[in-house]
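Coordinate analysis (summary)
Below, each chain spelled out in residue letters.
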Amino acid sequence: MIMVATSLFFAVRTSVAAAGAEEVAKQYGFKELPIAMPPGYEQRPMRTVRTVNPAYQKIRSWISSVGASIAINDLTGHGVADGMCIVDTRTDSVIVTYTPTARPADRFTPFVLDGRPLPMDDTMAPTGCTPGDFNGDGRMDLLVTYWGRTPILFMARSDATTPAAASYVPRELVPSESLDGKYHGPRWNTDADYVGDIDGSGRPSIVIGNYFPDSDVLDPNGLNNVVMNDSLSSAKNAGGDHVLRWQQSTSGTEPTASYVEEKGAIPYDASTGWTLAISGADLTGDGLPELYIANDFGHGHLLYNRSTPGHIEFSEAKGERTPTTPKSFVLGNGSFKGMGVDFGDIGRNGDFDMMVSNITVAWGLEESNFLWINKAKDEADMRRKLAAGIAPFTQEAQEHGMAWTGWGWDTKMGDFLNSGDLAVLQATGFVKGKIDRWPWLQEMAMTNDDLLSNPAMWPNVQPGDDIAGDEAIAFYAKTPDGPYVNISSRLGIAVPTPTRGLATGDTTGTGRLDFAVARQWGPPAFYANTAPALGSQLNLRLYRPTGEGAAGQGLVNTGAPAYDATVRVTTPTGTQISRLDGGGGHGGFRSFDVRFGLGAHQGPVTVDLRWRDAAGGLHEKSEQLSPGTHTLVLTDQVQEVPNR
């Protein structure tokens, strides 16, 4: 009976993965293009493993398995998302460059961001680069996270005319004093961050997700103060999550931004996990984003936003279990390994759903990805349920064909055909080598939790060892019958190298959504969208006014991004929802454009906007807009201005 059930399981899995793939793949097309790197960069020494604390030496390849990051956004202020910020683990460098598709006017000499004169040393390594306007002056700054120190804000100078190393001033996100030039602040080990208008003040706050506790992870002469997770299913001994609220800022040639930590903003039991990804969206219609925190080794958390301007507060909401619901398919009670998360409207019904990456390796740690489908009647119903601690979502990854991929990481949804149906990208792969170490890992999975926190009890994972090292990114596309299929191999993008971060953006301003991939211990990749036929589309660039002068002067854009503005678009075929995503996921950050595929529809569409103004006021307005790109300035009204 067990053999029959197992056979049926894999038969179903294979059929779901293959049905309709060839037909669907013909609609898509991507071409990999070379990424411009700083002069002489390729001649620099390239590493494949990190130097680590002596207690981690036997598992140094495991410790070296994260850190690659990539973002696409408008860095020049010219109105098109054709700039990139990349963290390359091979050199521990933060690289700012342009997309291979960038217009000539948006091209500049690629460069490396250096945090000095702030204290920096060899025990620190960058792990993420998030574009954002952190002082509201209309110029794009860059938030860089690290292992070994707190994050740094690289803030754009008012006299800068093009992106360059000298165009940015490094500022500590968390105040730290140094009289001897050495770093004495907290040893954060950050693997995730989220940027959004969390308190409804009209300013971006920042949530930092730390993995290891504050400790000397990358210091070969460090203290023996490092640990591993204390459970494989409910670990809570990590660095956890910090919520930083915007306090004040200045612009000019020496810009600043000050943030204050809101201690207790996240309930304690939900704030101490091994965080690998964070994302958010306004689920209740009050203009405040809810958050989902994806934690390794156990429970993810959906947080209901109860904040008011100047004060940030969350409460946790969990799913309800029925007699037929597996424990891990109850939102908030899962024992899986949350590695990535994104919000999107999978059902094309005007509601946000959530995709969560887990470890789903066949004959390995075979869990399931989570596709949390929104079951609330409307936003008011969602608000009532979340306030009562109930998360009205059901887990339907298998039903939609996206349950099993491999060792998952970042995930991003996007409409690459402008059809109205979102595709789902997923980064995969762990440690690449030649010696299969799955048997050791499976043996460790049966170890008593009381032993796990001691690194000495872990199996060797060193250079040459392989755990899910040949996996390639997944590209899930919707079939005409409804389920999704992974067509990455058919698209020619299935490179067998572990990947981490994913970034998407319309880098040409022509309605084609491109994407880029951060590879762990490999060069980043950029894929231009070459689909043979695209539908109509609506692309919104949403700003708040800044008072900083005319757009186009230096790096000044039309305005500051309208963080967390939510948009619904209605056509005769239905309603879609999206939002201005200020940055979230694991290591990958999409552009600020709010895009909708309209398929064959060519006429005007009804656009319902909800946003917070620069003073925190909540506004809603309905507009009739034609397909194409629209640049909108949001005050208490909606003003359309010329595209740039």
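Residues numbered from 1 in each chain as written. Predicted model: local features only at pLDDT ≥ 70, side-chain atom pairs only at ≥ 80, totals over all residues. Heavy atoms only, no water.

A separate point is the state of the cysteines. For the structure shown, the criterion picks out one disulfide. Here Cys85 pairs with Cys129 through a disulfide, and the sulfurs are 2.0 Å apart. A torsion of 90° about the S-S bond marks the disulfide between Cys85 and Cys129 as right-handed. Within this pair, whereas Cys85 is found in strand β3 (residues 83–88), its partner Cys129 is found in strand β6 (residues 125–132), the two being separated by 44 residues in sequence. Note on Cys85: relative accessible area 1%, which makes it buried. (Disulfide = S-S within 2.5 Å. Helix = DSSP H or I, 4+ residues; strand = E, 2+ residues; numbered from the N terminus. Buried < 20%, exposed > 50% of the residue type's maximum accessible area, 1.4 Å probe, protein only.)

Here we come to empty space enclosed by the protein. Per the counting criterion, the structure on display carries seven cavities of 30 Å³ or more. Of the volumes computed, that of the largest cavity is approximately 320 Å³. Along its surface, the largest cavity is lined by 24 residues, and Met413, Gly414, Leu422, Ser578 and Arg595 are the ones closest to its centre. Broken down by secondary-structure element, the contributors of at least two residues to the lining of the largest cavity are β18 (340–344), β22 (408–414), β28 (499–505), β34 (574–579) and β36 (594–599). Residues of the lining of the largest cavity, tallied by class, amount to eight nonpolar, nine polar and seven charged. Every residue lining the second largest cavity is counted, 22 residues in all, and those nearest its centre are Asn73, Asp74, Tyr543, Asn557 and Phe592. It is strand β31 (residues 536–544) that provides the largest number of residues to the lining of the second largest cavity, a total of three residues. Residues that form the lining of the second largest cavity fall into these classes: 10 nonpolar, seven polar and five charged. (1 Å grid on protein atoms, 1.4 Å probe; cavity = no way out; pocket = protein on both sides within 12 Å on 5 of 7 lines; lining within 4 Å. Points joined across faces, edges and corners; volume = space filled by probe spheres on them. Nonpolar A, V, L, I, M, F, W, Y, C, P; charged D, E, K, R; others polar.)

Right, let's get into the sheet that holds β28. The four strands lie next to each other as β1-β30-β29-β28, forming an open sheet whose pairing is antiparallel. With one partner strand each, in any of the chains shown, β1 (30–33) and β28 form the two edges of the open sheet. Neighbour-to-neighbour, the strand axes of the sheet open up by a mean angle of 25°, direction not taken into account. By the bridge criterion, four bridges tie β1 to strand β30 (residues 525–529) in an arrangement that is antiparallel. Across the sheet, Lys31 pairs through a bridge with Ala528, a residue of β30. (Pairing = 2+ DSSP bridges. Axes fitted to C-alpha atoms, helices over the stretch in contact; angles between N-to-C directions.)

Geometric values such as these leave the question of function open.
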